[in-house]
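Below are the chains, spelled out letter by letter.
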Amino acid sequence: MSPVTSPRWTDAAPTPFWLDTPSRPEPRAAHTGIADVDLVVIGAGFTGLWAALQALETAPGSSVLVLEADRIADNATGRNGGFCVASLTHGDANGRARWPRDMPVLRRLGDENLAAIVDTIERYDLDVELERTGELDVAIAPWQVDDLLEESAVLTDAGVAHTFFDEASIAAEITSPLALAGLLDETGAVMVNPARLAWGLAGVIERLGGTIAEHSKVTSIDRDQSGVLATTPGGVVRAKRCVVATSCFPALVKRTALRVVPVYDYVLMTEPLDEAQLASIGWRNRRGIGDAGNQFHYLRLSADNRILFGGYEAVYRFRQQVRPDFDQDPAVFSVLEEHFDAMFPTLGEVGFSHRWGGAIDTSTRFCASVTLSHDDRVATVNGFTGLGVGASRFFAAAALDLLAERTTPATLLEMVRSAPVPFPPEPIRYLGITATRHAIARADANDGRRGAWLRLLDALGLGFDS
Ligand SMILES: Cc1cc2nc3c(=O)[nH]c(=O)nc-3n(C[C@H](O)[C@H](O)[C@H](O)COP(=O)(O)OP(=O)(O)OC[C@H]3O[C@@H](n4cnc5c(N)ncnc54)[C@H](O)[C@@H]3O)c2cc1C
């Protein structure tokens, strides 16, 4: 009988690697009393921070207050993979399926948005461990090779730059027995340390005259003569306009309540690799990598050469809740460890230093939307479905444009003007999502062939992703 060994992740710190650092800023004071401002932003993740920063850049001297229930970047923003991608539509294929005519504009605006993020990082000299690696989609099953070839042909027709690697040439990018082919988007993605980016943006907001209050949970938003009133346990904020950037936390605006559901995604982070370990897996160009399955993994190197390995299982729990105890899921960590070992057999003994999970605001169309309410004085932005590090800046800008009644290329887009199909109420929602998750797993096990349930959802333009 072989000895029973405990999983390698057991001793890992149960906390997001990015937040586990002495350079984490001290908490800002909570909001107390009465404040009068031009703009109140609710939520200090990327969406709220980009809204505040762009509002201050567009209207220097205006008053902007950000109210955060927990800490800056405490939730998805400080827990993600740090893939900052140009796509605004959760990938080109999803955009093509939903807004085919707008795709040339959507691609251009996505590229401009990514360039503007990099420009912000450089202009304000933010130390965010920026790496211009691009993103590599890797086929880890023969049917995925065919999918990548098909995608490559579509991108070529659309004039989108990319590189296809076959089995011989993918080895120069990553050494893994699973890697069969790859599709590289060299300019459409950069890697960042997401917590450092959020803290950097917060510092800039304050330098530009904005205020950020942590531990200031907004309990209600009400219409008021001059705009809106946002109430916290310690005070009230009267604002002309309001951006709600609270992701999949309980909705402050009723009509947005069924637009997103929290889906949990999990990550393992290794100890730093030494030179020999790094050499054994190639990865010289340090690309951000995702595999081409429907249930996909994402992996990247950190600045100190750890491997961040996440994804695959997307967990939805009955009656959609965001709860701290959901941040850990032993069953998912065990699956991730097994898949990590299959991907990198030469790294058998490498330890894991951190394990964590976080809630993704999943929408039925996989990308964000902006919802106006309170006589168009409040804009709610959410629905990024696990791809909001870059897109959050674009949708935050679109929300500000809509609140200011500015017509821009973004506000003319069907993607920005339309709303996602809402999720049904429980228990239908849980049953539907569970059936979809099983159908996706079956499709992956069945050479990517989508069964009747997934084909029906595709025809209806609905889906479930992370
Ligand atoms: C494990 C994981 C991996 C991911 N990987 C990637 C990736 O590699 N690339 C990518 O593009 N995206 C990724 N994402 C998604 C990405 O992190 C988000 O889309 C992005 O951070 C945008 O976040 P946000 O600001 O909309 O939400 P959040 O970061 O969740 O911020 C919302 C904030 O609102 C606050 N809040 C909620 N309710 C209230 C209230 N009533 N009052 C005040 N404040 C409130 C919350 O405390 C929270 O801080 C990942 C997500 C997870 C969880």
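Residues numbered from 1 in each chain as written. Predicted model: local features only at pLDDT ≥ 70, side-chain atom pairs only at ≥ 80, totals over all residues. Heavy atoms only, no water.

## Quick notes on the overall build of the protein chain
(1) Moving on: If you tally the helices and strands in the protein chain, you get 12 helices and 18 strands.
(2) Moving on: Compactness check: the protein chain gives a C-alpha radius of gyration of 22 Å against a globular reference of 23 Å for 466 residues, within 12% of the reference.
(3) Moving on: Overall size of the protein chain, expressed as C-alpha extent along the three principal axes, is 70 × 50 × 45 Å.
(4) Moving on: Each of the 466 residues in the protein chain was classed as buried or not, and the buried ones make up 56%.
(5) Moving on: The contacts in the protein chain between residues at least 6 apart in sequence include a share of 77% that link residues at least 24 apart.
(6) Moving on: When the accessible surface of the protein chain is totalled, it reaches about 19,400 Å², and 54% of it is carbon and sulfur.
(7) Moving on: Treating the 42 positive side-chain charges of the protein chain as one cloud and the 60 negative ones as another, the clouds have centres 7 Å apart. (Helix = DSSP H or I, 4+ residues; strand = E, 2+ residues; numbered from the N terminus. Rg over C-alpha atoms; globule rule 2.2 N^0.38 Å. Buried < 20%, exposed > 50% of the residue type's maximum accessible area, 1.4 Å probe, protein only. Contact = heavy atoms within 4.5 Å. Areas by Shrake-Rupley, 256 points an atom, 1.4 Å probe, with all protein chains shown as cover. Lys, Arg positive; Asp, Glu negative; His and termini not counted. Charge placed at Lys NZ, Arg CZ, Asp CG, Glu CD.)

## Let's talk about the pairing of strand β6 (residues 181-185)
(1) Moving on: Taken across its 5 residues, β6 has 4 buried, putting it largely inside the fold.
(2) Moving on: With 5 bridges joining them, strand β4 (residues 135-139) and β6 adopt antiparallel strand pairing. Each bridged residue has a counterpart across the sheet, and for Glu 135 the counterpart in β6 is Asp 185.
(3) Moving on: Relative to β6, strand β5 (residues 163-165) runs antiparallel, the two being bridged by 3 bridges. (Pairing = 2+ DSSP bridges.)

## Considering the site of the ligand
(1) Moving on: Inspection of the region around the ligand gives 36 residues, with Thr 47, Glu 68, Thr 77, Phe 83 and Val 389 positioned closest.
(2) Moving on: Here a nitrogen atom of the ligand sits 3.0 Å away from a polar atom, N or O, in the main chain of Ala 69.
(3) Moving on: Out of a free accessible area of 1,000 Å², the ligand has 98% covered by protein chains.
(4) Moving on: Secondary-structure elements contributing two or more residues to the shell around the ligand are α1 (46-58), β12 (261-270) and β16 (352-362).
(5) Moving on: Residue contributions to the shell around the ligand peak at 3 residues, all from β16.
(6) Moving on: Considered class by class, the residues forming the shell around the ligand number 17 nonpolar, 14 polar and 5 charged. (Near = heavy atom within 4 Å. Polar contact = N/O pair within 3.5 Å; in protein donor to acceptor, adjacent residues only side chain to side chain. Nonpolar A, V, L, I, M, F, W, Y, C, P; charged D, E, K, R; others polar.)

## Looking at a negative patch on the surface
(1) Moving on: Taken together, Asp 146, Asp 147, Glu 150 and Asp 447 make up a surface patch of like negative charges.
(2) Moving on: Here Asp 147 is to be found in helix α4 (residues 142-157).
(3) Moving on: Taking relative accessible area as the criterion, Asp 147 reaches 37% and is therefore assigned partly exposed. (Patch = residues over 30% accessible without salt bridge, like charges linked within 9 Å, V, L, I, M, F, W, Y side chains within 5 Å. Salt bridge = Lys/Arg side-chain N within 4 Å of Asp/Glu carboxyl O.)

## With respect to the pattern of salt bridges
(1) Moving on: Counted by the stated rule, this structure contains 29 salt bridges.
(2) Moving on: A salt bridge links Arg 24 to Asp 74; its shortest N-O distance comes to 2.9 Å. With Arg 24 in the segment before β1 (33-42) and Asp 74 in the loop between β2 (64-67) and β3 (83-85), this pair connects stretches of sequence that are 50 residues apart.
(3) Moving on: Looking at Arg 24, the relative accessible area reads 23%, which means it is partly exposed.
(4) Moving on: Residue classification places Asp 74 among the buried residues on the basis of a relative accessible area of 17%.

## A closer look at the sheet that holds strand β14 (residues 297-301)
(1) Moving on: Spatial ordering of the open sheet is given by β5-β6-β4-β13-β14-β15-β12-β16, a layout of 8 strands whose pairing is mixed. Lying at the two open borders of the sheet, with one neighbouring strand each, are β5 and β16. Between one strand axis and the next, the sheet turns through 20 degrees on average, direction left out of account.
(2) Moving on: Judged from the 4 bridges that link them, β4 and strand β13 (residues 288-291) form a sheet pairing that is parallel. Paired with Asp 137 across the two strands is Gly 290, which belongs to β13.
(3) Moving on: Those strands touched by helix α8 (residues 330-343) are β12, β14, β15 (307-311) and β16, and its axis lies near 50 degrees from that of β12. (Axes fitted to C-alpha atoms, helices over the stretch in contact; angles between N-to-C directions.)

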